[in-house]
Structures are given as structure tokens and as C-alpha cells.
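# Structural overview for review
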Amino acid sequence: MGSAKKSTSAARKARIEEMRRAEQSRERRNRILVVAASVVVVAGLVAGAVVLVQSQSDDADTAADSKGAGHFVTGSDGVKTWKGTLGRTHVAKTVKYPMEPPVGGDHNQVWMNCNGDVYAKALNNMNAVHSLEHGAVWVTYTSKAPKADVEALAAKVKKTPYTLMSPDDNQKDPIMLSAWGHQRTVTGAKDPNVDKFFEKFVQGEQTPEPGAACTSGLSQ
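These figures come from a predicted structure and were not determined experimentally.

## Things to note about the pairing of strand E8 (residues 175–179)
- Of all five residues in E8, five are buried, a share of seventy percent or more.
- Alternating residues of E8 divide into Ile175, Leu177 and Ala179 and Met176 and Ser178, and every residue in both groups is buried.
- As paired elements, strand E6 (residues 137–141) and E8 share four bridges and run antiparallel to each other. Within E8, the residue paired with Tyr141 across the bridge is Ile175.
- Note that E8 and strand E9 (residues 182–185) share four bridges and pair antiparallel. Each bridged residue has a counterpart across the sheet, and for Ser178 the counterpart in E9 is Gln183.

This is how it looks when you write it as C-alpha cells:
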């Protein structure tokens, strides 16, 4: 039993490392393409800058509801699964999500870096949701979470690709874990459900865009 678990864990780590190497190669190619393309389009960008800025300003002032009504269903393992449609459209508007922290829905076109990134300040939900779309697990906590637990969870996140962590005083419970379409509360860093959640949902089957980048996005 233990041997099979170790084998599964090793295979998962190998898959994540392979995805990271592919991501790095893709980023190098993208940088070359961006430099070449920028030479061609810079004149057009300058000409349309005023119109674009005005358009984005109008969008930013308009709140948008996340697509599709739905609700959480709690499984026997304590993990809540969202039953309903989660939009995946890139928007410039502020999205009002039906849960906090959000577990999916329309989001900003730029993701938060989630390569084991630990943030000291609350994140923009629209960027963090994009990270979940890429298969990240998001650890959030309130001011009521014990300092020792926050530090231990931060240490775990820092050594785990496709994860991120940030404070969120708007959530219901002191410590919560979120993935695309899934969420749970844990009692602390030593809660065995932390490892179970990471094992199942870091680049798990729920990921809409497996292997997509968790670097080259936004960072505080």
C-alpha cells in the first residue's frame, strides 16, 4: 500500500517537472515571437492606445456576474464541489463570484504566479482564478489563523509547484484550500487533509488547462 502511494507520488512529481520544463521551453519561444511581433504592431498599438484605454476604463467600472448559477455539494471527504457552470472567459471587468475565495468563473487574462508563490497581501480574485484554471491549488487564510500554521503552510507552498498562498479576510473560515471547482476548510497545517487536497488537485483531473504556465504572470 505504502509502496503504491510512493510510486503514485513520484509519478505525479515527475509529471509536474516535465510540465515545468515544457513551460520554460514554451516561454522562451514566446519571448522570441513577442519581440518579433512587437516591431510589426507597435505603430498600430500607438494609434489605438487612446481608444483601448477608454474601453478598458469603461469595462473596469462595470461589475460582471460569474456565469451560471450553482451551489456547492460537500462530499464524504469534506471537499466541496461546485455544481454548476463556471465561465472561462477573459474579461477586464470586475467579476462578482458566488463564493469566497472563488473556485472558478470568468477571470482576468493575466494569472497570478503560482510556482510556489506566497503573497503577503490579498490578491485580485480575477487573477487568482486564472491560476486555478492552470491547475494551481490556492491556500488562503484570515487574521484568525494561528501564525505557526500560516508559516508552516507557507513553507509547504514554497516547495510545491502549481500552488500559491495569500491572506483573505473575506472568507468564512480561518484556513481554506481552493482548486478549480473544489474547496475545503482545514483545521491547520498538520491537518492530514492538506496533503490529501494537494495530492489530488495540484495539476489534478479538474484542471481546465493542464500544464499551462504558472510563471510570467503577475506578482506582488
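## Considering the state of the cysteines
- In this structure the tally under the stated criterion is one disulfide.
- One disulfide bridge connects Cys114 with Cys214, the sulfur atoms lying 1.7 Å from each other. Between Cys114 and Cys214, the S-S dihedral sits near -90°, and the bridge is therefore left-handed. You can see Cys114 sitting in the loop between strand E4 (94–96) and strand E5 (115–118) and its partner Cys214 sitting in the segment after helix H4 (192–201), a full 100 residues away along the chain.

## Some words on the packing of aromatic side chains
- A full pass over the atoms with the stated rule returns two aromatic pairs.
- Both rings, one in Phe72 and one in Trp82, keep their centres 5.1 Å apart while their planes meet at 85°; by these two values the pair is edge-to-face. Of this pair, Phe72 sits in strand E2 (residues 70–74) while Trp82 is found in strand E3 (residues 80–84), placing the two residues ten residues apart along the sequence.
- Relative to Phe201, the ring of Phe197 lies with its centre 4.5 Å away and its plane at 50°, an arrangement referred to as tilted. One end of the pair is Phe197 and the other is Phe201, both in helix H4 and four residues apart, which spans about a single turn.
- Looking at Phe197, the relative accessible area reads 2%, which means it is buried.
- Lying over the aromatic face of Phe72, Lys80 brings its terminal NZ or CZ to 4.8 Å of the ring centre.
- It is Lys156 that lies over the ring of Phe198; its NZ or CZ is 4.8 Å from the centre.

## A closer look at the environment of Leu132
- In this structure, Leu132 sits in helix H2 (residues 125–133).
- Spatially, the C-alpha atom of Leu132 lies 9.4 Å from that of Pro102, the residues being 30 residues apart in sequence.

## Re the sheet that holds E2
- Taken in spatial order, the seven strands make up an open sheet running E2-E3-E9-E8-E6-E7-E5, and their pairing is mixed. Single-partner strands in this sheet number two, and they are E2 and E5. For this sheet, the mean angle separating the axes of adjacent strands, direction not counted, is 20°.
- Relative to E6, H2 is tilted by about 140°, and along the sheet it contacts E6, strand E7 (163–167) and E8.
- Sitting on the sheet, H4 touches E6, E7, E8 and E9, and the angle it makes with E8 is about 15°.

Cut-off values and rules
Residues numbered from 1 in each chain as written. Predicted model: local features only at pLDDT ≥ 70, side-chain atom pairs only at ≥ 80, totals over all residues. Heavy atoms only, no water. Buried < 20%, exposed > 50% of the residue type's maximum accessible area, 1.4 Å probe, protein only. Helix = DSSP H or I, 4+ residues; strand = E, 2+ residues; numbered from the N terminus. Pairing = 2+ DSSP bridges. Disulfide = S-S within 2.5 Å. Phe/Tyr/Trp six-rings, centres within 6.5 Å; stacked < 30°, edge-to-face > 60°. Lys NZ or Arg CZ within 6 Å of the ring centre and 35° of its normal. Axes fitted to C-alpha atoms, helices over the stretch in contact; angles between N-to-C directions. Contact = heavy atoms within 4.5 Å.

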